[in-house]
Amino acid sequence: MILSILIATNYIRKVKLHIKAIEQCLLMIENIEILLSYKRLCVNEIFCELAKNDNLNLLNFIDKIYTNMTANHDNFILSHENRKYIISDNIIDKNDKENLISFFSTLGKSDLNGQLLNCKRYKEVFKNNLEKLEKTQHIDCKNKGTLIIGAGFLLVILIY
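Below, the structure is looked at part by part.

Conventions used here
- Residues numbered from 1 in each chain as written.
- Predicted model: local features only at pLDDT ≥ 70, side-chain atom pairs only at ≥ 80, totals over all residues.
- Heavy atoms only, no water.
- Helix = DSSP H or I, 4+ residues; strand = E, 2+ residues; numbered from the N terminus.
- Buried < 20%, exposed > 50% of the residue type's maximum accessible area, 1.4 Å probe, protein only.
- Contact = heavy atoms within 4.5 Å.
- Areas by Shrake-Rupley, 256 points an atom, 1.4 Å probe, with all protein chains shown as cover.
- Core = buried A, V, L, I, M, F, W, Y, C linked by side-chain atoms within 4.5 Å.
- Phe/Tyr/Trp six-rings, centres within 6.5 Å; stacked < 30°, edge-to-face > 60°.
- Salt bridge = Lys/Arg side-chain N within 4 Å of Asp/Glu carboxyl O.

Below, the discussion takes up the overall build of the protein chain. Regarding its fold elements, the protein chain presents 6 helices and 0 strands. The helix and strand sequence of the protein chain, counted from the amino end, reads α-α-α-α-α-α. Scored against the burial criterion, the 160 residues of the protein chain give a buried share of 39%. Long-range pairs, those at least 24 residues apart, make up 66% of the contacts in the protein chain between residues at least 6 apart in sequence. A total of about 9,700 Å² of accessible surface is found on the protein chain, and carbon and sulfur atoms cover 58% of it.

With that out of the way, let us pick up the nonpolar core. For soluble globular proteins, nonpolar side chains are generally found buried alongside one another. Membership of the largest hydrophobic core comes to 40 residues, with the highest contact counts inside it found for Met-28, Ile-32, Phe-47, Phe-61 and Phe-104. Counting only elements with at least two residues in this core, the list comes to α1 (2-39), α2 (43-52), α3 (61-72), α4 (80-87), α5 (94-106) and α6 (112-159). Tallying contributions element by element places α1 first for this core, with 11 residues. In contact with Met-28, other than residues within four places in its own chain, are Leu-50, Leu-56, Leu-59, Phe-61, Ile-62, Leu-100 and Phe-104.

Before going further, it helps to examine the side chain of Asn-31. With respect to the secondary-structure elements, Asn-31 resides in helix α1. Setting aside residues up to four positions removed in sequence, Asn-31 forms contacts with Leu-50, Asn-53 and Leu-56.

The next thing to look at is the packing of aromatic side chains. Tallied over the entire structure, the rule returns 4 aromatic pairs. Taking the centre distance of 5.5 Å and the plane angle of 55° together, the rings of Phe-47 and Phe-104 count as tilted. Placement of Phe-47 in helix α2 and of Phe-104 in helix α5 is noted, with a sequence separation of 57 residues between them. Phe-104 shares its class with Phe-47; the two are buried.

By the definition in use, this model includes 4 salt bridges. Glu-33 is the partner of Lys-120 in a salt bridge, and the nearest nitrogen-oxygen pair spans 2.8 Å. Separated by 87 residues along the polypeptide, Lys-120 in helix α6 and Glu-33 in helix α1 bring together distant segments of the chain. Taking the shortest distance from any N to any O, the salt bridge between Glu-124 and Lys-127 comes out at 4.0 Å. One end of the pair is Glu-124 and the other is Lys-127, both in helix α6 and 3 residues apart, which spans about a single turn. A single network of salt bridges, built from pairs that share partners, joins Glu-33, Lys-120 and Lys-123.

Glancing now at the environment of Ile-91. Relative to the helices and strands, Ile-91 resides in the loop between α4 and α5. For the pair Ile-91 and Leu-17, spaced 74 residues apart in sequence, the C-alpha separation works out to 6.8 Å.

Next up on the list: the environment of Glu-30. Counting through the fold element by element, Glu-30 comes out in helix α1. Separated by 89 residues in sequence, Glu-30 and Cys-119 have C-alpha atoms that sit 7.3 Å apart.

Worth remembering: the numbers are spatial, not functional.
Here's what the structure looks like:
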């Protein structure tokens, strides 16, 4: 019984962590937009600023990408190794990872207006995703939590 409660709690924690990570992705894109607009930073400088931002602590790939870019002395965000950092993230889902890779694939590759349009586009993508997750979170957590705990009760009844 206790195990089913722990499983349900862990599931709910993962859902909430995923939502927080999407919020941080949105914040990251907003920060990139600001750094491009007002400071006109290059990609390496942008990742330096992002790596310092404590509000992006769930996005572990930022530090890894910055470290890799600094070690290789280039502004290429989506090297094979950096893609692996994004793909191996265990908080965000596959769709979000693909969106991040698409966003990063154009960062630093066009003029300022093109990069700002790209930021606006992906802000909308992540906002829409966040709204969907927030709408379904409560119902999903409640249903799956109840199902897991119910399965635990059933197992206890069957054993005794």
